[in-house]
Amino acid sequence: MAVRNLTDEERAQLIPFAKQWMYKSIDPTPPDWAAWEAGVKRVYELCDTPWPGVVVKVPHPKRLAEVTAAITGAEARAIYYEQLGGQSWHNWLASLAFARDVMQLPDREKEWEILAAYEAACSAGWWYPHPDFVVVTERPTATHIERIGPDGPGSHQLHRADGPAIEWDGADPWGLYFWHGANVPQWVIMDPSVERIREEPNVEVRRAAIERVGWEEFATQANLSLVDECDDPGNPGQTVKLYDVPRDTWGMDVKILVVTNGSLERTGTRRRYGLAVPDNFVKALDAVAWTAGESPEEYSQTLRRT
Amino acid sequence: MTETTILEETETEAAPVEVEEAEASFARAVGITLDQLSQALGREVYEHVARELGSVDVPVLSGPQSQGDVRIRPLPFNAVTLDRNASWKPLPSAGIATVSGQHDHVITGAGCLWTTDVRDRDGLAVGVVRVPAGSTAYMWHAEHGGAGMAGPQDVTSGNLALADAPYIDYAIRRQREFQGLVAD
C-alpha cells in the first residue's frame, strides 16, 4: 500500500473540507429516502447478508431504541448504544471522503464503492441494521451550535439556552439538551430552580444549571453569603460582588465574583455574570483584578471597558 | 500613576455623519467611526451596537482597556515579556481574529505589527500589537464594538514617555477564571 504525505494544497483543504462535513452532519432537510434505501441494500449485499426487506421508520433515536428493544427483546438502553449514528456520525466518513475527493487516491474503486454505499446509508438519521429488519430515524429537524474557536477541531459545541439543542419536532417530538457543550437534563434548560440544583448529584449538570439560572439570581435565591462588594474601577458605575460558594455546591472550594458586562444587551440592559475565583480572596477588588491578571492598582488604571 | 482621560462613548453626541467610501487605509490617528471600521473589515456588529455606536468615533487610548473578556495592556508591563527574537508580521487589512470566543476579537491597523512570541507570568497573553508612530491599531468585536490603540502621536495623558517612543506595544490578554479561561 502506497503511503504518502499530504501536499500543501491538500493540507490547506483539511479544515474547509471538515467544515463542509460538519454542516452536512447537522443538515435538517429530509434525506432522499430512495437513495438511502439503495445504499442500505448495498451495504447488506457487501456484508453478504440477505436484504430483509423490512424497513421501520421512526421519528427519533429514543423511539428507535424502544422499537428495536420490543422486537428483539433486548433492553432499550443496550440498543441505544448499538445504533449507528447515520448523519450524526460523519467523522469517519469525512476522513475517507477526504482521501477520495481531495487526495483522489488512485486504484481504490472497490473502497469507493463501499464508501458510497455506507455514505448513502448514513444520509438519514440514526439506524439499526438487523438480519430481519432495519430501523431508521428521521434527521434532527434542528441542531443548535455555538462557535467556541477558530475553524478546525473544537470550533463549535452544542448549545441552546431556551430549548433542545438537537431537536426532532413533528407529531412525536424529542430533543437533547446542551448547555455550552454539556449534555444536561431538560429541567436545566427549561425549568431550572435552586431546589433542583441542590438535589442534583452531578457537578457538571449543577454548574450548567447555576449558569442557566444566572449567578446573581442563584446567589440571592440560594442565600450565598456576600463576602465583599466594591465599585468596579475597571467598569465605571458598576459594582462587583464576591460570594462564598459552599464546597458541595460547586464541587470544590471556590468563590464567585459577580460582575457586569461592559456592553449593553439588545434590550438596553447590562448582563451580569459570575466568574469563579480562588477561594482565598476576601476582597472583591483583589478578585476582579486577578481575573485580569493584574494587581488592584494596575486594574484601577482601566480607561475604558466595553 | 493615574490616567486622567476617560472617554465615555455614551456621552458623545451621536451626530449623523456622512460615511465616506470605505478607505483603503484607515490608519488615520483620529476620526474613524465604528461603522467605518466594520466596513473596512467586512464585518458587521450587532444591530443594536451599530445603532448606539456606529457613527461615533472609536476611542483611541494609550492606557489599559477591556473589551469583553480581553484586556489591552500597554507595555512595559511586569507580567508580560516579549521574546528577544520575536517574529513580527504586519497586521493584514482584513484583520486577524484572535481570542475567538463565541465572537472574534479582530485586530487590525495599517502599519502595525503583531507577534505571538510573548511570555506571560499568568499565561494570559495571546500576542502583542506594535503601533508605530503615525499609526493606530483597532480591536473590533460584534458585541463590544471598537477599541483603538494609540500610536505615540496620540499620547496626551498617562504615561507621557510613550509619546516620544518610536512605537507602543500592547499586550492582548485573556480574562481568567479559576480553573480555566473565560469564553465570552
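Since this is a predicted model, take the numbers as computed values, not measurements.

A.B. asks: Hey, could you run me through the overall build of chain B in this one?
C.D. replies: What chain B contains, in helices and strands, is two helices and 15 strands. Counting all 184 residues of chain B, 45% fall into the buried class. Of the contacts made within chain B by residues no fewer than 6 positions apart, 64% connect residues no fewer than 24 positions apart.

A.B. asks: Help me understand the interface of chain B and chain A, please; the structure alone is not making it clear to me.
C.D. replies: By a frequent convention, interface size equals the accessible area lost on bringing the separate parts together. Facing 35 residues of chain B, the contacting portion of chain A comprises 24 residues. By residue number, the principal contributor to the side of chain B that touches chain A is strand β2 (residues 65–67) of chain B, which donates three residues. Of the residues belonging to the side of chain B that touches chain A, the class tally is 13 nonpolar, 14 polar and eight charged. Sheet topology note: the strand β14 (residues 304–305) of chain A/β2(B) ladder contains two bridges and is parallel. The residue of β2(B) that forms the bridge with Arg305(A) is Ser66(B).

A.B. asks: I tried to follow the pairing of strand β12 (residues 254–264) of chain A on my own but got confused; where do I start?
C.D. replies: Put simply, side chains in a regular strand alternate between the two faces of the sheet. Residue and element names in this part refer to chain A. In terms of residue burial, β12 counts as a mostly covered element, since eight of its eleven residues are buried. In this structure, strand β11 (residues 239–245) lies alongside β12, joined through five bridges in antiparallel fashion. Directly across from Tyr 243, in β12, lies its bridge partner Ile 256. By the bridge criterion, seven bridges tie β12 to strand β13 (residues 270–277) in an arrangement that is antiparallel. Bridging from a neighbouring strand, Leu 264 pairs with Arg 270 of β13.

A.B. asks: When you look at the sheet that holds β14(A) in this model, what are you seeing that I'm missing?
C.D. replies: Note on sheets: strands pair through backbone hydrogen bonds, and any given pair is parallel or antiparallel. Taken together, the seven strands give an open sheet; going across it, the order is β14(A)-β2(B)-β3(B)-β13(B)-β10(B)-β8(B)-β5(B), and neighbouring strands pair in mixed fashion. In this open sheet, the two edge strands, each paired with only one partner strand, are β14 of chain A together with β5 (89–90) of chain B. In this structure, β2(B) lies alongside strand β3 (residues 70–74) of chain B, joined through three bridges in antiparallel fashion. Looking at β3(B), one finds that Gln65(B) is bridged to Ile72(B).

A.B. asks: Can you help me understand the packing of helix α2 (residues 33–46) of chain A against helix α6 (residues 109–121) of chain A in this one?
C.D. replies: Two quantities define a packed helix pair, namely the angle between the axes and the distance from one axis to the other. Residue and element names in this part refer to chain A. It is at 7 Å that the axes of α2 and α6 come closest, and there the two elements cross at 130°. Between α2 and α6, the angle falls in the class oblique. In terms of crossing hand, the pair formed by α2 and α6 is left-handed. In contact with Ala 35, Trp 36, Ala 38, Gly 39, Val 40, Arg 42, Val 43 and Leu 46 of α2, α6 contributes Ile 114, Ala 117, Tyr 118, Glu 119, Ala 120 and Ala 121. Here the residues of the contact of α2 with α6 are counted per class, giving eleven nonpolar, one polar and two charged.

A.B. asks: Is there a simple way to think about the environment of Gly175(A) in this case?
C.D. replies: Residue and element names in this part refer to chain A. If you trace the backbone, Gly 175 turns up in strand β8 (residues 174–179). In the structure, Gly 175 is positioned 34 residues away from Thr 141 in sequence and 9.7 Å away in space, judged by C-alpha atoms. In contact with Gly 175, other than residues within four places in its own chain, are Pro 164, Ile 166, Glu 167 and Trp 168.

A.B. asks: Teacher, can you tell me more about the sheet that holds β12(A) here?
C.D. replies: Residue and element names in this part refer to chain A. The strand order across the open sheet built from four strands is β10-β11-β12-β13, with neighbouring strands paired in antiparallel fashion. Here the strands that pair on one side only, and so sit at the sheet edges, are β10 (225–231) and β13. Direction aside, neighbouring strands of the sheet carry axes that sit 25° apart on average. In the packing of helix α12 (residues 284–291) onto the sheet, contacts are made with β10, β11, β12 and β13, and the angle to β12 comes to roughly 65°.

A.B. asks: How should helix α1 (residues 34–41) of chain B be read in this particular structure?
C.D. replies: Given 3.6 residues per helical turn, the α-helix brings residues three or four places apart onto the same face. Residues and elements named next belong to chain B. In terms of residue burial, α1 counts as a mostly covered element, since seven of its eight residues are buried. For α1, the set of buried residues is Leu 34, Asp 35, Gln 36, Leu 37, Ser 38, Ala 40 and Leu 41. Its buried side turned inward, α1 meets α2 (47–53), β7 (105–108), β11 (137–141) and β12 (145–149). Backbone geometry just downstream of α1 places Gly 42 in the positive-phi region, at approximately 70°.

A.B. asks: Please clarify how the packing of helix α5 (residues 91–101) of chain A against α6(A) should be interpreted in this entry.
C.D. replies: Residue and element names in this part refer to chain A. The geometry of α5 relative to α6 is characterised by a closest axis approach of 11 Å and an angle of 140° between their N-to-C directions. Classified by the angle their axes make, α5 and α6 are oblique. The way α5 lies across α6 gives a crossing that is left-handed. Residues Leu 93, Leu 96 and Arg 100 of α5 touch α6, and the partners they reach there are Trp 112, Leu 115, Tyr 118 and Glu 119.

A.B. asks: When you look at α6(A) in this model, what are you seeing that I'm missing?
C.D. replies: Residue and element names in this part refer to chain A. Given a rise of 1.5 Å per residue, 13 residues ought to cover 18 Å, and the 18 Å separating the end C-alpha atoms of α6 matches this to within 8%. Within the sequence span of α6, burial applies to Ala 117, Ala 120 and Ala 121. Considered in projection along α6, the buried side chains sweep an arc of 110° and stay on one side of the axis. On the buried face of α6, the contacting elements are α2.

Definitions and cut-offs
Residues numbered from 1 in each chain as written. Chains lettered and ligands numbered in written order. Predicted model: local features only at pLDDT ≥ 70, side-chain atom pairs only at ≥ 80, totals over all residues. Helix = DSSP H or I, 4+ residues; strand = E, 2+ residues; numbered from the N terminus. Buried ≥ 20, exposed ≤ 12 C-beta atoms within 10 Å, placed from the backbone. Contact = placed C-beta atoms within 7 Å. Nonpolar A, V, L, I, M, F, W, Y, C, P; charged D, E, K, R; others polar. Pairing = 2+ DSSP bridges. Axes fitted to C-alpha atoms, helices over the stretch in contact; angles between N-to-C directions. Parallel < 35°, antiparallel > 145°, perpendicular 65-115°, else oblique. Left-handed = near helix turned anticlockwise from the far one by under 90°. Expected span 1.5 Å × (residues − 1). Arc of directions from axis to C-beta.

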